[in-house]
Amino acid sequence: MVSQYQHLVDLNDYPVSWWNKIVELGEDICAHPQRYTHACVGKIMATLFYEPSTRTQMSFQAAMIRLGGSIIGFDNPATSSVSKGENLKDTTKVVSNYADILIIRHPLAGSAKAAALSADCPVINAGDGGHLHPTQTLTDLLTLKEEKGRLSDLNIGLCGDLMNGRTVHSLCKALSCYPNNTFTLISTPALKLPSYIKDILRASGCKFREVSSLESVIGDLDVLYMTRIQRERFSSEEEYLAEKNTYVLDKAKLKKGRSDMIVMHPLPRVDEISVEVDDDKRAMYFRQAKYGMYVRMALIMTMLENQAPTKLLKGTKHPNYSCNNPKCITNSEQYLPKSFIGSGDTVECEYCDERMLLEH
Ligand code: NCD
């Protein structure tokens, strides 16, 4: 299914050269913000936030305002027609006629792709459940470029909830496309990186190791990317409590890290980084949040300037099959065309990437 608009659902739908251009523009905006104050005058951006957010939503809004554009939207579906039972398709369709660009965050995987199917303007994925978060990844790429000077030859440690952390999934996919990056995946056995992301790392020839101790590997890292345990994505409070507080980066642990290592975190922090770490020059997370605004300015400009049709569904339609993932948008918005990638009996849902067996 082809949409006449250009969307950002997954960064890997674009070549690395496109990401690099956005990061370069982000660097220029960061250095000369005054040059861009009229870049989007007369344009309207809508934010449809079905899930809580501080940074992503406000950095998008601040980005559009700093480009001279205007903003509309909701951040609490309870105060919109969603509370009356309106489906994602209708909300998207209507709002996309009011705005020139639409930013969506939603608790279900595949929701941004679903929204793009019916939108009459470009859609940007601002986080779809535990699946992907491409604009956080652009933020992370700009941070690495500015603070480490490179996007390759990095040993990146990712620590915490690697299973449910969408920022981790998008970042691994992106960094695997640059040469010589190696990944140290630090988690408990229950919160390991999903196998489909590990397959992507393998396919791109990236070295990775899975470990459970942060202290034993911190000294090897160029970058330590901490994440919170994603409480809202657990099926029970007991399961969450069993994982809570497993990894806490404090001054003592940080001492074992190299002096040129940087500590990143997409935020919000809960208790996985002690406040005492904030004053260390390696703590980069607040600066990272600021880079997020600049890179979103670059992204909005790029998406509004260059319109090219996007092929949204490339796979095979199997109307009689349902995705096995209960958190996939196709299981709650029944009208969506079910589409799967792959041939043979094992296929992947085109919305959430869940791998499943087709039964005959
Ligand atoms: C992240 C998110 O929403 O996925 N936050 C963000 O966008 N900066 C990380 C998180 O919620 O843990």
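S.K.: Quick question: what am I supposed to make of empty space enclosed by the protein here?
M.R.: Any space left empty among the atoms is revealed by the rolling of a water-sized probe across them. This structure, assessed with the given rule, holds two cavities of 30 Å³ or more. Taken as a whole, the largest cavity encloses approximately 100 Å³ of empty space. Around the largest cavity sit Gly 160, Thr 227, Ile 229, Tyr 240, Glu 243, Lys 244, Asn 245, Thr 246, Tyr 247, Val 270, Asp 271 and Glu 272, which together line it. Along the lines of polarity and charge, the residues of the lining of the largest cavity split into four nonpolar, four polar and four charged. Estimated volume of the second largest cavity: approximately 30 Å³.

S.K.: Even after reading the chapter, I still don't get the domain arrangement of the chain, so can you show me in this structure?
M.R.: Where the parts come together, the accessible area they lose is often given as the size of the interface. In terms of domain boundaries, the chain breaks down into domain 1 (2-133 + 291-311), domain 2 (135-289) and domain 3 (316-357). Domain 1 and domain 3 are separated by 25 Å when their C-alpha centres are compared. When residues of domain 1 are sorted by the area they lose upon contact with domain 3, Leu 108, Ala 109 and Lys 113 head the list and together hold 41% of the total. Where domain 1 packs against domain 3, one counts zero salt bridges. Our count for the domain 1 to domain 3 interface comes out at seven residue pairs in polar contact (both at pLDDT 80 or more). Contributing elements (two or more residues each) for the side of domain 1 that touches domain 3: helix H3 (88-98) and helix H4 (111-118).

S.K.: Is there a simple way to explain the packing of aromatic side chains in this structure?
M.R.: Aromatic ring pairs are reported here in terms of the distance separating the ring centres and the angle at which the planes meet. This structure, assessed with the given rule, holds five aromatic pairs. Measuring from centroid to centroid gives 6.0 Å for Phe 234 and Tyr 240, while their planes differ by 70 degrees, and the two rings are edge-to-face. Like Phe 234, the residue Tyr 240 is buried in the burial classification.

S.K.: Got a minute to help me understand the site of the ligand in this structure?
M.R.: The environment of the ligand is formed by Thr 56, Arg 105, His 133, Gln 136, Arg 166, Thr 167, Arg 228, Gln 230, Pro 266, Leu 267 and Pro 268. Between Arg 228 and the ligand, the recorded distance is 2.7 Å, taken from a side-chain N or O atom to an oxygen atom. Between Leu 267 and the ligand, the recorded distance is 2.8 Å, taken from a backbone N or O atom to a nitrogen atom. Against a free-state accessible area of 310 Å², the protein chains account for coverage of 94% of the ligand. Placement of the ligand is best described as lying within the second largest pocket. The residue inventory of the shell around the ligand, partitioned by class, reads three nonpolar, five polar and three charged. Two domains each provide a minimum of three residues to the shell around the ligand, namely domain 1 (2-133 + 291-311) and domain 2 (135-289).

S.K.: Mind showing me how you'd approach the sheet that holds strand E7 (residues 182-186) here?
M.R.: Within a sheet, neighbouring strands are paired by backbone hydrogen bonds and run either parallel or antiparallel to one another. The parallel open sheet is built from five strands, whose spatial order is E8-E7-E6-E9-E10. Only two strands of the sheet have a single neighbouring strand rather than two, namely strand E8 (207-211) and strand E10 (262-264). Adjacent strand axes in the sheet meet at a mean angle of 20 degrees, parallel and antiparallel pairs treated alike. In terms of strand pairing, strand E6 (residues 155-159) meets strand E9 (residues 223-226) through four bridges, oriented parallel. For Ile 156, the partnering residue across the bridge sits in E9 and is Val 223. Sitting on the sheet, helix H6 (residues 166-175) touches E6, E7 and E9, and the angle it makes with E6 is about 165 degrees.

About the cut-offs
- Residues numbered from 1 in each chain as written.
- Predicted model: local features only at pLDDT ≥ 70, side-chain atom pairs only at ≥ 80, totals over all residues.
- Heavy atoms only, no water.
- 1 Å grid on protein atoms, 1.4 Å probe; cavity = no way out; pocket = protein on both sides within 12 Å on 5 of 7 lines; lining within 4 Å.
- Points joined across faces, edges and corners; volume = space filled by probe spheres on them.
- Nonpolar A, V, L, I, M, F, W, Y, C, P; charged D, E, K, R; others polar.
- Domains from an automatic or database assignment.
- Buried area = accessible area lost by both parts, 1.4 Å probe.
- Salt bridge = Lys/Arg side-chain N within 4 Å of Asp/Glu carboxyl O.
- Polar contact = N/O pair within 3.5 Å; in protein donor to acceptor, adjacent residues only side chain to side chain.
- Helix = DSSP H or I, 4+ residues; strand = E, 2+ residues; numbered from the N terminus.
- Phe/Tyr/Trp six-rings, centres within 6.5 Å; stacked < 30°, edge-to-face > 60°.
- Buried < 20%, exposed > 50% of the residue type's maximum accessible area, 1.4 Å probe, protein only.
- Near = heavy atom within 4 Å.
- Areas by Shrake-Rupley, 256 points an atom, 1.4 Å probe, with all protein chains shown as cover.
- Sits in = over half its atoms within 2 Å of the grid points.
- Pairing = 2+ DSSP bridges.
- Axes fitted to C-alpha atoms, helices over the stretch in contact; angles between N-to-C directions.
- Contact = heavy atoms within 4.5 Å.

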